[in-house]
Number of protein chains: 2
Amino acid sequence: MTEKSLITVVGAGLVGSLYAIYMAKRGYKVEVFERRNDMRKATISAGRSINLALSDRGFKGLMGVGIDDEIRKIGIPMHGRIMHDVAGNLTFQQYGNDGQSIYSVSRGDLNCKLMDLAEKEGVKIHFEHKCTGVNLDEASANFQFGNEKISVKGDLLVGTDGAYSEVRDAMQKTPWFNYSQYYIDYAYKELSIPPNEDGSHRLEVNALHIWPRKDFMLIALPNIDGSFTCTLFFPKSGALSFDSLDTIEKAETFFGEHFSDALAMMPHFREEYKTNPAAGMVIVKCFPWTWKSSAMLIGDAAHAIVPFYGQGMNCGFEDCSIFSELHDAQHEDWDLLLRNYEKSRKENADAIAELALRNFIEMRDRVAEPSFLLQKKIEAKFSKAYPQFWTPLYSMVTFSHIPYNDALVAGDKQERIMQSIMKKPNIEEIWDSQEVENEILANFI
Amino acid sequence: MTEKSLITVVGAGLVGSLYAIYMAKRGYKVEVFERRNDMRKATISAGRSINLALSDRGFKGLMGVGIDDEIRKIGIPMHGRIMHDVAGNLTFQQYGNDGQSIYSVSRGDLNCKLMDLAEKEGVKIHFEHKCTGVNLDEASANFQFGNEKISVKGDLLVGTDGAYSEVRDAMQKTPWFNYSQYYIDYAYKELSIPPNEDGSHRLEVNALHIWPRKDFMLIALPNIDGSFTCTLFFPKSGALSFDSLDTIEKAETFFGEHFSDALAMMPHFREEYKTNPAAGMVIVKCFPWTWKSSAMLIGDAAHAIVPFYGQGMNCGFEDCSIFSELHDAQHEDWDLLLRNYEKSRKENADAIAELALRNFIEMRDRVAEPSFLLQKKIEAKFSKAYPQFWTPLYSMVTFSHIPYNDALVAGDKQERIMQSIMKKPNIEEIWDSQEVENEILANFI
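Residues numbered from 1 in each chain as written. Chains lettered and ligands numbered in written order. Predicted model: local features only at pLDDT ≥ 70, side-chain atom pairs only at ≥ 80, totals over all residues. Heavy atoms only, no water.

### Some words on the overall build of chain A
Within chain A, the regular secondary structure consists of 15 helices and 19 strands. Against the compact-globule benchmark of 22 Å for 445 residues, chain A has a radius of gyration of 23 Å, which places it among compact chains. For chain A, buried positions account for 55% of its 445 residues. Long-range contacts, defined as pairs at least 24 residues apart, comprise 70% of the intrachain contacts of chain A with a sequence gap of at least 6. Of the accessible surface of chain A, which amounts to about 19000 Å², a share of 52% is contributed by carbon and sulfur atoms. Chain A carries 48 positive and 62 negative side-chain charges, and their two centres are separated by 3 Å. (Helix = DSSP H or I, 4+ residues; strand = E, 2+ residues; numbered from the N terminus. Rg over C-alpha atoms; globule rule 2.2 N^0.38 Å. Buried < 20%, exposed > 50% of the residue type's maximum accessible area, 1.4 Å probe, protein only. Contact = heavy atoms within 4.5 Å. Areas by Shrake-Rupley, 256 points an atom, 1.4 Å probe, with all protein chains shown as cover. Lys, Arg positive; Asp, Glu negative; His and termini not counted. Charge placed at Lys NZ, Arg CZ, Asp CG, Glu CD.)

### Here's the deal with the interface of chain B and chain A
Listed as interface residues are 19 residues of chain B and, on the opposing side, 19 residues of chain A. A buried area of about 1600 Å², summed over both sides, lies between chain B and chain A, and 51% of it is on carbon and sulfur atoms. Summed over the three residues of chain B that lose the most area to chain A, namely B:W176, B:Q181 and B:Y183, the buried surface amounts to 45% of that side. In this structure, the connection of chain B to chain A is made through two salt bridges. Here A:K173 makes a salt bridge to B:D169, at a shortest N to O gap of 2.8 Å. Along the contact surface separating chain B from chain A lie eleven residue pairs in polar contact (both at pLDDT 80 or more). Elements with a minimum of two residues in the side of chain B that touches chain A: α5 (166-172), β13 (178-193) and β17 (279-287) of chain B. Counting residues per element, the side of chain B that touches chain A draws most heavily on β13(B), which supplies nine residues. Note that strand β13 (residues 178-193) of chain A and β13(B) share three bridges and pair antiparallel. By the bridge assignment for β13(B), A:Y179 is matched with B:Q181. (Buried area = accessible area lost by both parts, 1.4 Å probe. Salt bridge = Lys/Arg side-chain N within 4 Å of Asp/Glu carboxyl O. Polar contact = N/O pair within 3.5 Å; in protein donor to acceptor, adjacent residues only side chain to side chain. Pairing = 2+ DSSP bridges.)

### Comments concerning the side chain of B:T231
Residues and elements named next belong to chain B. Mapped onto the elements, T231 comes out in strand β16 (residues 228-235). Assessed through its relative accessible area of 9%, T231 is described here as buried. Among residues more than four places away in sequence, those in contact with T231 are Y188, K189, E190, M217, L218 and I219.

### Brief notes about the pattern of salt bridges
If you walk through the whole model with that rule in mind, you get 62 salt bridges over all chains. Between A:E31 and A:K29 there is a salt bridge; the shortest N-O distance is 3.5 Å. The salt bridge involving B:K381 is made with B:E437; its shortest N-O contact spans 3.5 Å. You can see B:K381 sitting in helix α11 (residues 370-385) and its partner B:E437 sitting in helix α15 (residues 434-441), a full 56 residues away along the chain. A relative accessible area of 29% places B:K381 in the partly exposed class.

### Quick notes on the environment of A:I248
All names here are of chain A. Assignment of secondary structure puts I248 in helix α6 (residues 248-258). Exposure remark for I248: the relative accessible area of 17% places this residue in the buried category. As a C-alpha pair, I248 and R270 span 22 residues in sequence and 6.4 Å in three-dimensional space. Filtering out sequence-adjacent residues up to four positions away, I248 remains in contact with F269, R270, Y273 and K274.

### Some points on the relation of the copies chain B and chain A
Copies of the same chain, two in number, are related to each other by a rotation about an axis and a translation along it. Superposing chain B onto chain A requires a rotation of 180° together with a translation of 0.0 Å along the rotation axis, leaving an RMSD of 0.0 Å. Both copies of the chain, as the preceding transformation shows, are related through a two-fold rotation axis. The C-alpha atom lying nearest the rotation axis in chain B is that of B:S180; the distance is 2.0 Å. When the interface residues of chain B are mapped onto chain A, 100% of them again lie at the interface, so the same face is used by both copies. (Least-squares fit on C-alpha atoms with pLDDT ≥ 70 in both.)

### Details of helix α1 (residues 14-25) of chain A
Think of an α-helix as 3.6 residues a turn; residues three or four steps apart then line up on the same face. Residues and elements named next belong to chain A. Under the 1.5 Å per step criterion, the end-to-end length of α1 is 17 Å for twelve residues, consistent within 8% with the ideal 16 Å. Where burial is concerned, most of α1 is hidden: eleven out of the twelve residues are buried. Among the residues of α1, those classed as buried are L14, V15, G16, S17, L18, Y19, A20, I21, Y22, M23 and A24. Positioned one or two residues after α1, G27 has a phi angle of 100°, which is positive. (Expected span 1.5 Å × (residues − 1).)

### Remarks on the packing of aromatic side chains
Across all of its chains, the model carries 67 aromatic pairs over all chains by this definition. Ring pairs connect the aromatic residues A:F216, A:F234, A:F242, A:F254, A:F255, A:F259, A:F269 and A:Y273, which therefore count as one cluster. B:R57 extends its terminal NZ or CZ atom over the ring of B:Y404, reaching a point 4.0 Å from the ring centre. Sitting over the face of the ring of B:F360, B:R364 holds its NZ or CZ atom 4.5 Å from the ring centroid. (Phe/Tyr/Trp six-rings, centres within 6.5 Å; stacked < 30°, edge-to-face > 60°. Lys NZ or Arg CZ within 6 Å of the ring centre and 35° of its normal.)

### Considering the nonpolar core
Ranked by internal contacts, the top residues of the largest apolar core, which has 146 residues, are A:Y19 and B:Y19. Apart from residues no more than four positions distant in its own chain, A:Y19 is found in contact with A:I7, A:V9, A:L156, A:V158, A:M296, A:I298, A:C320 and A:F323. (Core = buried A, V, L, I, M, F, W, Y, C linked by side-chain atoms within 4.5 Å.)

### Observations concerning the packing of helix α1 (residues 14-25) of chain B against helix α9 (residues 312-330) of chain B
Residues and elements named next belong to chain B. Direction vectors running N to C along α1 and α9 enclose 20°, while the axes themselves pass 9 Å from each other. The angle between α1 and α9 falls in the class roughly parallel. Of the two possible hands of crossing, α1 and α9 adopt the one that is right-handed. Where α1 abuts α9, its residues L14, V15, L18, Y19, Y22 and M23 lie against M313, G316, F317, C320, S321, F323, S324 and H327. Class assignment for the residues of the contact of α1 with α9 results in ten nonpolar, four polar and no charged. (Axes fitted to C-alpha atoms, helices over the stretch in contact; angles between N-to-C directions. Parallel < 35°, antiparallel > 145°, perpendicular 65-115°, else oblique. Left-handed = near helix turned anticlockwise from the far one by under 90°. Nonpolar A, V, L, I, M, F, W, Y, C, P; charged D, E, K, R; others polar.)

### Observations regarding the pairing of strand β2 (residues 29-33) of chain A
Residue and element names in this part refer to chain A. For β2, the buried fraction is high: four of the five residues fall into the buried class. Note on the crossover from strand β1 (residues 6-10) through α1 to β2: the handedness is right-handed. When β2 meets strand β8 (residues 124-126), the two strands line up parallel, connected through three bridges. Paired with V32 across the bridge in β8 is I125. (Right-handed = clockwise from strand over helix to strand, strands pointing away.)

### Considerations on the state of the cysteines
Tallying each qualifying case throughout the model produces zero disulfides over all chains. Looking at A:C286, it has no disulfide partner, and the nearest cysteine sulfur is the one in A:C315, 12 Å off. Relative accessible area serves as the criterion here: at 2%, A:C286 is assigned to the buried category. With no disulfide of its own, B:C131 lies closest to B:C286 among cysteine sulfurs, the gap being 16 Å. (Disulfide = S-S within 2.5 Å.)

### Topic: unusual backbone geometry
Residue and element names in this part refer to chain A. For the peptide bond that leads from F287 to P288, omega is 0°, which places it in the cis range. Position of P288 among the secondary structure elements: in the loop between β17 (279-287) and β18 (290-291). With a phi close to 70°, W176 is a non-glycine residue in the positive phi region. Inspection of the secondary structure assignment puts W176 in the loop between α5 (166-172) and β13. One non-glycine residue, K214, lies in the positive phi region at around 75°. Locating K214 in the fold gives a position in the loop between β14 (207-212) and β15 (217-222).

Okay, here's the thing in structure tokens:
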């Protein structure tokens, strides 16, 4: 029930900046403390993926602060996936309906724009302030700024400090706090395909490119400068892994065998492979996400997921827009607001964590199977005929605002139906038939 | 491959003290740092369960340092469970074969004896040293001792600092460290049944008493002073919970309804219920348990479990004896020793974590069902006739050294067999028949 005056936000990343704008627009005094220096005055630090796929949930979050159109303009629409097989043959699979796309955007550009807007709304961002500890009851935090130690006490402490959150660290030490961090046994490494000499893209620009190789994959997302950022997702250790490719020669041979068309477009392969880290991917789950009415977590700090559905940022932005809707409804009853926020978001965060893990198998393995592509063709046809009964799972996640958990449940039902359809011995011939359509329909009427 | 000279152990609890003895006996210099004061010079602090059930795995750990017989003498053998129904009727269920018992021992007495022995072996125990951080690579740790800050650098840093381990905290911040802490939604509160005026026990002494009430339970373990320590395991929140019993009157009424025979023996009920905390129970899992060849976790620091199988301490003591066996085999190859230690123990720690959770349901619910008791009677009969095919799960866990994971797998097979046996419509009449025996036997020949 306390009234809030000063909101202290730890972390000026994508979600922290957006959350700060939301709160400043409501009239709160908001101060943001960021560990790094101001990326608007420096080159972006390496190691994190430099482009992201923004989809409808993310745009809705941006719409709440009026910058969705602006961001759409600087993004590159991707209408579908293009699969590259070992021989270099291409297969296209559309993501949604005509006109629906996900957008490749630069993490740096987006973050800079959000920080600009936050400052325009009166938010003060303090850079090079490393959080060294917090007091949850007092909504206060300590920061190291150069040699200075600074203590800040606000009315609400907001952890938007990502998967390795300091604010969450303090919560972890409190009784009844459930927490898990789990590293999948894959790592990723970024590489690049530079533009043609005339500045154009070397691959079809309006698509997400995938080289699915069953146990591993390479993907490429377009950048506005004509380049593509490629990411290799590969086992960390084992017979064929980052550990086993322990010389640049072995790595190059490996790429030549599995990704020869991509390698031919990577003039800086050797340098990049050597320099860029093989980074881990962690899934973080916890509960509660709030402490009394004095602290809360939002974005990756509350729910870090693997990147395979392109939903990490989108989910964090949706946290912001849902929080804002609840804020409208509950006004200044902070106790109720924080309880309802974590209650409404937790199951959906768990659902997208699960969906993201599953999508790794789809992307690296299933998209290369003709039977999977046929299944998707049957689903698309049925969905077009009976949109009231069937929205494809990918579309529910990417092009809708259906709660993630509802999408997961509906997707599981779809998969059960399709497994039985795909078992028909002559499905390749009859996939387009009335019989198949009726059999699917029988599950809904 | 490094040779070790100084072993630094963080935590002088049961496992820390036992581990220190093992290492001192091998000729290492061992220093132990304990947060609390010396319990041999003070009364034991409240809040942790004051008695524990020591069984065969624990005794084997103690045997390795030659004190199993001594400890057995100060423990109270419990041959089985006595169930108390609401009307006060008693049912006895033997734990193992004749002569097999688990032992109720005082945590404080056992810990004091282990510390005495550790010091006798040359171990130096530093009390009131609170660990404030560690450096894993350097096998060093910082301690707060009064106003002093002390830094200790050894050759191996050993975290025996329990479920809330500081050493593990440092590992959690390293890449690829998987970790989870999960609080079950129950809490526990300790109460007591004092001795009769003549010093004798008010209940059968050689048994573990259970008041199974489906969603909650009370248990009682005998102490050598004639008293029983009772523990109420009860939902933390909800319609009938510690939260809902928010006055001492409500708590007393509740006990009168559900545990009237116990309440009649609890003259200090009101005072104890009010004073003693309702404490949480956390399950901790992590991996790896080691850092290079410079640090390791053992006992609850690596794997905290719920108390319902009475195996927490036993598992920690088994860690010590297994570590010692591997040590014999690998001598001073510390890299190999630490890798083999965590590899051999992890799946077994996970298995007992699972078994302990399941045993809560057995203790609070199933033991009150006649069909469960009949099932156990059939199993006992078959096990006696065919010991080569069937050791009851409880006996595998409690009276054997079969790896916990093997016990879990074998137990699951037993349960599948028995579920089909118990479905026979006339099982109450034919449970003793050749037909039933043959049907069970068919699964093994």
